[in-house]
Amino acid sequence: DAVIGSYTLLYADGHQEELPIVYGRQVREWWVSNDRGECRESEVAWEARDTDVPTRGVRHRLYRTAYRNPRPEAEVQRITFTSKHTHCAPFLIAITVEE
């Protein structure tokens, strides 16, 4: 339950909202053999076995997380992705916005 990163929504009116990335809720280790647990607020979006030497056969996974905009009436101008510099190294593959 450690906060390992965040998304900050920057609105047109200057307001900001931080959406935390919490280990065990939104993400877990992407090497399945190191952490077999599940996320409480995300789902596995991709999983595959590594076929490269020396990690042949190791399973990797990526998670899909959905957040609700805390201010849906306001225009989001920018989203920043920030690491909290823990032992974890969060990375972002893609982001979409749905209305």
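Here the structure is shown first, and the text comes after it.
Residues numbered from 1 in each chain as written. Predicted model: local features only at pLDDT ≥ 70, side-chain atom pairs only at ≥ 80, totals over all residues. Heavy atoms only, no water.

Participant: I'm lost on the overall build of the protein chain in this one. Help?
Facilitator: From N to C terminus, the protein chain includes zero helices and five strands. When the helices and strands of the protein chain are listed from N to C terminus, the series reads β-β-β-β-β. Expressed as lengths along the three principal axes of its C-alpha atoms, the size of the protein chain is roughly 50 × 25 × 25 Å. In the protein chain, which comprises 99 residues, the proportion classed as buried is 26%. For the protein chain, the exposed area adds up to about 7200 Å²; of that, 48% sits on carbon and sulfur atoms. (Helix = DSSP H or I, 4+ residues; strand = E, 2+ residues; numbered from the N terminus. Buried < 20%, exposed > 50% of the residue type's maximum accessible area, 1.4 Å probe, protein only. Areas by Shrake-Rupley, 256 points an atom, 1.4 Å probe, with all protein chains shown as cover.)

Participant: Would you explain the environment of Glu 38 in this entry?
Facilitator: Of note, Glu 38 is situated in the loop between strand S2 (16-22) and strand S3 (42-49). Sequence separation of Glu 38 and Gly 24 is 14 residues, and the distance between their C-alpha atoms is 7.0 Å. If we ignore the near neighbours within four places in the chain, the residues touching Glu 38 are Gly 24 and Arg 28. (Contact = heavy atoms within 4.5 Å.)

Participant: Whenever I open this one, the state of the cysteines confuses me. Can you help?
Facilitator: In a disulfide, the sulfur atoms of two cysteines are held together by a covalent bond. The final tally for this structure, using the stated rule, is zero disulfides. Free cysteine Cys 39: the closest other cysteine sulfur is in Cys 88, separated by 11 Å. (Disulfide = S-S within 2.5 Å.)

Participant: What am I meant to see in the packing of aromatic side chains here?
Facilitator: Think of a pair of aromatic rings as described by two things: how far the centres are apart, and how the planes are tilted against each other in angle. Scanning the entire structure with this criterion turns up three aromatic pairs. Judged by centre distance (5.6 Å) and plane angle (70°), the ring pair of Tyr 7 and Tyr 67 falls under edge-to-face. You can see Tyr 7 sitting in strand S1 (residues 3-11) and its partner Tyr 67 sitting in the loop between strand S4 (59-65) and strand S5 (76-83), a full 60 residues away along the chain. For Tyr 67, a relative accessible area of 30% puts it in the partly exposed group. Ring centres of Tyr 7 and Phe 81 lie 5.5 Å apart, and the angle between their planes is 35°; this geometry places the pair in the tilted category. On the criterion of sequence distance, the pair formed by Tyr 7 in strand S1 and Phe 81 in strand S5 is long-range, its members being 74 residues apart. A relative accessible area of 31% places Phe 81 in the partly exposed class. (Phe/Tyr/Trp six-rings, centres within 6.5 Å; stacked < 30°, edge-to-face > 60°.)

Participant: Got a minute to help me understand the pattern of salt bridges in this structure?
Facilitator: Any two side chains of opposite charge can pair if their charged atoms end up close together. Applying the stated criterion to the full structure yields six salt bridges. Between Glu 47 and Arg 59 there is a salt bridge, and its shortest N-O distance comes to 2.9 Å. On the criterion of sequence distance, the pair formed by Glu 47 in strand S3 and Arg 59 in strand S4 is long-range, its members being 12 residues apart. Among the residues examined, Glu 47 registers a relative accessible area of 40% and is labelled partly exposed. Exposure remark for Arg 59: the relative accessible area of 29% places this residue in the partly exposed category. Taking the shortest distance from any N to any O, the salt bridge between Glu 73 and Arg 71 comes out at 3.9 Å. Using a relative accessible area of 16% as the deciding quantity, one classes Arg 71 as buried. The structure contains a network of salt bridges with shared partners spanning Asp 1, Arg 25 and Arg 40. (Salt bridge = Lys/Arg side-chain N within 4 Å of Asp/Glu carboxyl O.)

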